[in-house]
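Secondary and tertiary structure notes
Here are the chains, one letter per residue:
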Amino acid sequence: MGRERKNNDHDITLKGRRQLDITGVKQVESFDNEEFLLETVMGFLSVRGQNLHMKNLNVEQGIVSIEGKVFDLVYLEQGQQDKSKGFFGKLFK
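These remarks concern the structure in this document.

1. Quick word on the side chain of His10
Tracing the sequence through the fold places His10 in the loop between helix H1 (2-8) and strand E1 (12-15). Judged by its relative accessible area of 17%, His10 is buried. Within the local environment of His10, its side chain forms a polar contact with the backbone oxygen of Thr23, the two atoms lying 2.7 Å apart. Of the polar contacts made by the side chain of His10, one reaches the side chain of Tyr75; its length is 2.5 Å. Residues within four places of His10 in sequence aside, it is in contact with Ile22, Thr23, Gly24, Thr40, Val41, Met42 and Tyr75.

In structure tokens form, the structure reads like this:
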């Protein structure tokens, strides 16, 4: 029962714009040193910045920790995008 509740929680903690901890992550879709695309229990989340790297990944608990300079965090709404483009089409407009 406690595990089920953890999987439905989604929290973001940003410390000094340099360390980002995210819970409720279902999977990491893609990442590089400037952008991470994460599927969370609350939808797709894009994290953009500079010199980004994954410090911690725990798939079982749905926890991701990212270090680097964070510029922005954006949730991508499924209903607002052109279905033929997909998530990556929206990101690279």
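Further notes follow.
2. A word on the pattern of salt bridges
For the structure on display, the rule yields three salt bridges. With a closest N to O distance of 3.2 Å, Arg48 and Asp72 form a salt bridge. Of this pair, Arg48 sits in strand E5 (residues 43-58) while Asp72 sits in strand E6 (residues 63-76), and the two are 24 residues apart along the sequence. Judged by its relative accessible area of 32%, Arg48 falls in the partly exposed class. Judged by relative accessible area, which is 27%, Asp72 ranks as partly exposed. Here Lys55 makes a salt bridge to Glu67, at a shortest N to O gap of 3.7 Å. In this pair, Lys55 sits in strand E5 while Glu67 sits in strand E6, placing the two residues 12 residues apart along the sequence. On the basis of relative accessibility, which here comes to 24%, the residue Glu67 falls in the partly exposed class.

Reading the values: the criteria
Residues numbered from 1 in each chain as written. Predicted model: local features only at pLDDT ≥ 70, side-chain atom pairs only at ≥ 80, totals over all residues. Heavy atoms only, no water. Helix = DSSP H or I, 4+ residues; strand = E, 2+ residues; numbered from the N terminus. Buried < 20%, exposed > 50% of the residue type's maximum accessible area, 1.4 Å probe, protein only. Polar contact = N/O pair within 3.5 Å; in protein donor to acceptor, adjacent residues only side chain to side chain. Contact = heavy atoms within 4.5 Å. Salt bridge = Lys/Arg side-chain N within 4 Å of Asp/Glu carboxyl O.

Just distances and angles here, no functional claims.
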